[in-house]
Amino acid sequence: MPTTRSSSQSITPFFKRPLLTAAMTALLATVVAGCSSPESNDSEPADAKTENPTANESVNVANNDAVSAEKITIDTVKGDVDLAINPSPLVVYDMSLMQDLAALDVAVDGTPGGLLLKNLHSETQPDPKEVGTVFEPDLEALNAMQPQVILVGSRMAEKYNELSSIAPTLDMSIDTANIYESSKQRLHDLGALFGKSDQAAKLQQNIDGLITETKSLTKDNKGTGLVVMVNGNKMSAYGDKSRYGFIHTVLGVPMADDKIADAPHGQPISFEYIQKANPDWLFVIDRSAAIGEDGIGAKAVLDNPLVAQTNAWSKQQVVYLSPDSYLAFGGYYQWIQDLTTIKGAFTSAK
């Protein structure tokens, strides 16, 4: 689980952790330079943190084709990283980051190959080049590209040191215990980094609007829920501190079992466990289908006499989450797809 980020900066936080801080705009710098006395040339640089405006003051631009002269400080899992706004070439190794950047219409120059989701790249931008996989970077391709920044998330975070030797690397892994707040901050940060703060705010409004609509249905005492991942013939349950915990913490669906162990890969369970927990709602992630594996699917696995005895199965209240929930949890399109699915299921509840 990613470490909660912290900073000693005194800027008022967006919600829990500090905001980005951006440097003086080029126009302001020009005015200051024109009005300064000759002695001011030896003073502190204009891009020092103490003189940076907040990220909300960043000027929006169309895309990141040209690197800005402005500087920005980003608070990442590994600490503060300073870099120019609109860095290019840009390499991204995390699928939820790719979803956010695609929704922001940001050009990405390098991504892993073999990606299964179709919403990881803006259709208005050139296709990115392959620079390895989501687990293993292609160092030769990276050195040839000479990126100005590399963005990584959970799956590639362990390669941080290796990638940092090539270019400034930002570990923007989502805090799975606080997935809503963490993903909200990250979308905000990306908007500021690429000069698209207004667009990022609109995207967040889309997510928040769906949360409000869905929560108005889930809060009406429609029973308990259990989140289960099916992987072939194996099953795991996930609690409120997991990447799927938003179902409980954000949407307010009570947990059928409030003692689920907090583990990255969930708590191993059996059909007997599901029967005993007897959830009114069963939320299912089909891992095998998400990663393109052949074999028996989640629906067939759960079609079991013990599961059939639960309220969820008898009332046909089994909700299958998107492949994005496994591959790109916390990404813009994952939020939109899964919230829409859950909203529809509760709207149709008997």
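The sections below set out a description of the structure shown in this document. (Residues numbered from 1 in each chain as written. Predicted model: local features only at pLDDT ≥ 70, side-chain atom pairs only at ≥ 80, totals over all residues. Heavy atoms only, no water.)

## Description of the pattern of salt bridges
Right, on to step 1. Here the structure, examined in full by the defined rule, presents 6 salt bridges.
Right, on to step 2. Of the charged contacts in the structure, one is a salt bridge between Glu136 and Lys159, with a shortest N-O distance of 3.1 Å. Residue Glu136 is located in the loop between strand 6 (129-130) and helix 3 (139-145), and its partner Lys159 is located in the loop between strand 7 (149-152) and helix 4 (160-164); the two are separated by 23 residues in the primary sequence.
Right, on to step 3. With relative accessibility at 41%, the residue Glu136 sits in the partly exposed group.
Right, on to step 4. Measuring nitrogen to oxygen at the nearest pair gives 3.5 Å for the salt bridge that ties Asp258 to Lys259.
Right, on to step 5. Taking relative accessible area as the criterion, Lys259 reaches 68% and is therefore assigned exposed.
Right, on to step 6. Counted as one network, the salt bridges with shared partners bring together Asp94, Asp100 and Arg186. (Salt bridge = Lys/Arg side-chain N within 4 Å of Asp/Glu carboxyl O. Helix = DSSP H or I, 4+ residues; strand = E, 2+ residues; numbered from the N terminus. Buried < 20%, exposed > 50% of the residue type's maximum accessible area, 1.4 Å probe, protein only.)

## Observations regarding the packing of helix 6 (residues 197-218) against helix 13 (residues 332-347)
Right, on to step 1. Relative to each other, helix 6 and helix 13 sit at 20 degrees, their axes nearing to 9 Å. By the angle between their directions, the pair helix 6 and helix 13 is classed as roughly parallel. Relative to helix 13, the crossing made by helix 6 is left-handed. Together, Leu203, Asn206, Ile207, Leu210, Ile211, Glu213, Thr214, Leu217 and Thr218 of helix 6 and Tyr332, Trp335, Ile336, Leu339, Thr340, Ile342, Lys343, Phe346 and Thr347 of helix 13 make up the contact between the two elements.
Right, on to step 2. When its residues are assigned to classes, the contact of helix 6 with helix 13 shows 11 nonpolar, 5 polar and 2 charged. (Axes fitted to C-alpha atoms, helices over the stretch in contact; angles between N-to-C directions. Parallel < 35°, antiparallel > 145°, perpendicular 65-115°, else oblique. Left-handed = near helix turned anticlockwise from the far one by under 90°. Contact = heavy atoms within 4.5 Å. Nonpolar A, V, L, I, M, F, W, Y, C, P; charged D, E, K, R; others polar.)

## Some details on the pairing of strand 2 (residues 71-76)
Right, on to step 1. Counting buried residues along strand 2, 5 of its 6 residues qualify, which places the element largely inside the surrounding structure.
Right, on to step 2. The antiparallel hairpin formed by strand 2 and strand 3 (residues 79-84) contains 2 residues in its connecting segment. (Pairing = 2+ DSSP bridges.)

## So, the layout of surface pockets
Right, on to step 1. Space inside the largest pocket adds up to approximately 880 Å³.
Right, on to step 2. Lining the largest pocket are 37 residues, with Arg155, Arg243, His265, Tyr326 and Phe329 sitting closest to its centre.
Right, on to step 3. Taken together, the elements giving at least two residues each to the lining of the largest pocket come down to strand 9 (225-231), strand 10 (234-238) and helix 12 (324-327).
Right, on to step 4. Per-element accounting of the lining of the largest pocket gives the leading share, 4 residues, to strand 10. (1 Å grid on protein atoms, 1.4 Å probe; cavity = no way out; pocket = protein on both sides within 12 Å on 5 of 7 lines; lining within 4 Å. Points joined across faces, edges and corners; volume = space filled by probe spheres on them.)

## Observations concerning empty space enclosed by the protein
Right, on to step 1. Under the criterion given, the structure shown has 2 cavities of 30 Å³ or more.
Right, on to step 2. Its volume calculated, the largest cavity comes out at about 60 Å³.
Right, on to step 3. Considering the residues around the largest cavity, the lining is formed by Asp94, Ser96, Gly153, Ser154, Arg155, Met172, Ser173, Ile174, Arg186, Leu327, Ala328 and Phe329.
Right, on to step 4. Residues that form the lining of the largest cavity fall into these classes: 5 nonpolar, 4 polar and 3 charged.

## Things to note about the environment of Lys129
Right, on to step 1. Looking at the element boundaries, Lys129 is found in strand 6.
Right, on to step 2. Distance from Lys129 to Asp109, taken between C-alpha atoms, is 6.1 Å for residues 20 residues apart in sequence.
Right, on to step 3. When residues no more than four places from it in sequence are discounted, the contact partners of Lys129 are Asp109, Gly110, Thr111 and Met145.

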